[in-house]
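Here's the letter readout for the chains.
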Amino acid sequence: MGWEKKRKHPRFRASENALAASGDDPYTLMDLSSGGVGIRFYGDQPLPSEIHLDLFFLDRELALTGLRCRKIFESRVDKGEAGQVPEWHVGLQFENPGPEMLKMLKHFRWTED
């Protein structure tokens, strides 16, 4: 059985103008669902097991801030080049998402206009 069949919540590609951050650390928002998000970042250290995440847009005044998340997946993506900063792919699960937050999440999905 593949990952998609095991998923509790359908996953959607994130809008290319949507970003994620925790404090001063920026992340690329790869995908999202009502259960959590997938992010990508470059760094020497993995993420802690729990973080507070902010989702926002560069071109709009819309943001979800202080989302409590728990790390459920992490993969270090090495390209094999010496001295390269590691790339990480991380799956984060929302902790106790409220109905208003779930409603706002749809604005962060990628759409073809």
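Preceding this section is the structure that the text describes.
Now for a quick tour of the structure.

Quick notes on the rules
- Residues numbered from 1 in each chain as written.
- Predicted model: local features only at pLDDT ≥ 70, side-chain atom pairs only at ≥ 80, totals over all residues.
- Heavy atoms only, no water.
- Buried < 20%, exposed > 50% of the residue type's maximum accessible area, 1.4 Å probe, protein only.
- Helix = DSSP H or I, 4+ residues; strand = E, 2+ residues; numbered from the N terminus.
- Pairing = 2+ DSSP bridges.
- Core = buried A, V, L, I, M, F, W, Y, C linked by side-chain atoms within 4.5 Å.
- Contact = heavy atoms within 4.5 Å.
- Phe/Tyr/Trp six-rings, centres within 6.5 Å; stacked < 30°, edge-to-face > 60°.

Let's talk about the pairing of strand β7 (residues 87-94)
Right, so step 1: With six of eight residues buried, β7 is to be regarded as a mostly interior element.
Right, so step 2: Sheet topology places strand β4 (residues 36-42) next to β7; seven bridges connect them, and they run antiparallel. The residue of β7 that forms the bridge with tyrosine 42 is glutamate 87.
Right, so step 3: Pairing analysis gives eight bridges linking strand β6 (residues 63-77) to β7, with the strands arranged antiparallel. Looking at β7, one finds that arginine 70 is bridged to glutamine 93.

Section: the nonpolar core
Right, so step 1: One finds Val37, Ile39, Leu53 and Leu55 to be the most contacted residues of the largest nonpolar core, which totals 26 residues.
Right, so step 2: Put simply, the parts of the chain that give this core at least two residues each are β2 (18-22), β3 (25-32), β4, β5 (50-57), β6, β7 and α2 (99-105).
Right, so step 3: Ignoring any residue separated from it by four or fewer positions in sequence, one finds isoleucine 39 in contact with Ala20, Tyr27, Thr28, Leu29, Met30, Leu47, Trp88, His89, Val90 and Leu92.

Structural notes on the packing of aromatic side chains
The geometry of an aromatic ring pair is captured by two quantities: the separation of the ring centres and the angle between the planes.
Right, so step 1: This model, assessed by the stated rule, comprises three aromatic pairs.
Right, so step 2: Between tyrosine 27 and phenylalanine 41, the ring centres sit 5.4 Å apart and the planes meet at 70°, which makes this aromatic pair edge-to-face. With tyrosine 27 in strand β3 and phenylalanine 41 in strand β4, this residue pair connects regions lying 14 residues apart in the sequence. Side by side, tyrosine 27 and phenylalanine 41 carry an identical accessibility label, which is buried.
Right, so step 3: The interplanar angle of 20° and the centroid separation of 4.7 Å between the aromatic rings of phenylalanine 57 and phenylalanine 108 together place this pair among those described as stacked. Separated by 51 residues along the polypeptide, phenylalanine 57 in strand β5 and phenylalanine 108 in the segment after α2 bring together distant segments of the chain. The two residues phenylalanine 57 and phenylalanine 108 agree in class, both being buried.
Right, so step 4: Each residue in the set Tyr27, Phe41 and Trp88 is aromatic and connected to the rest through ring pairs, giving one cluster.

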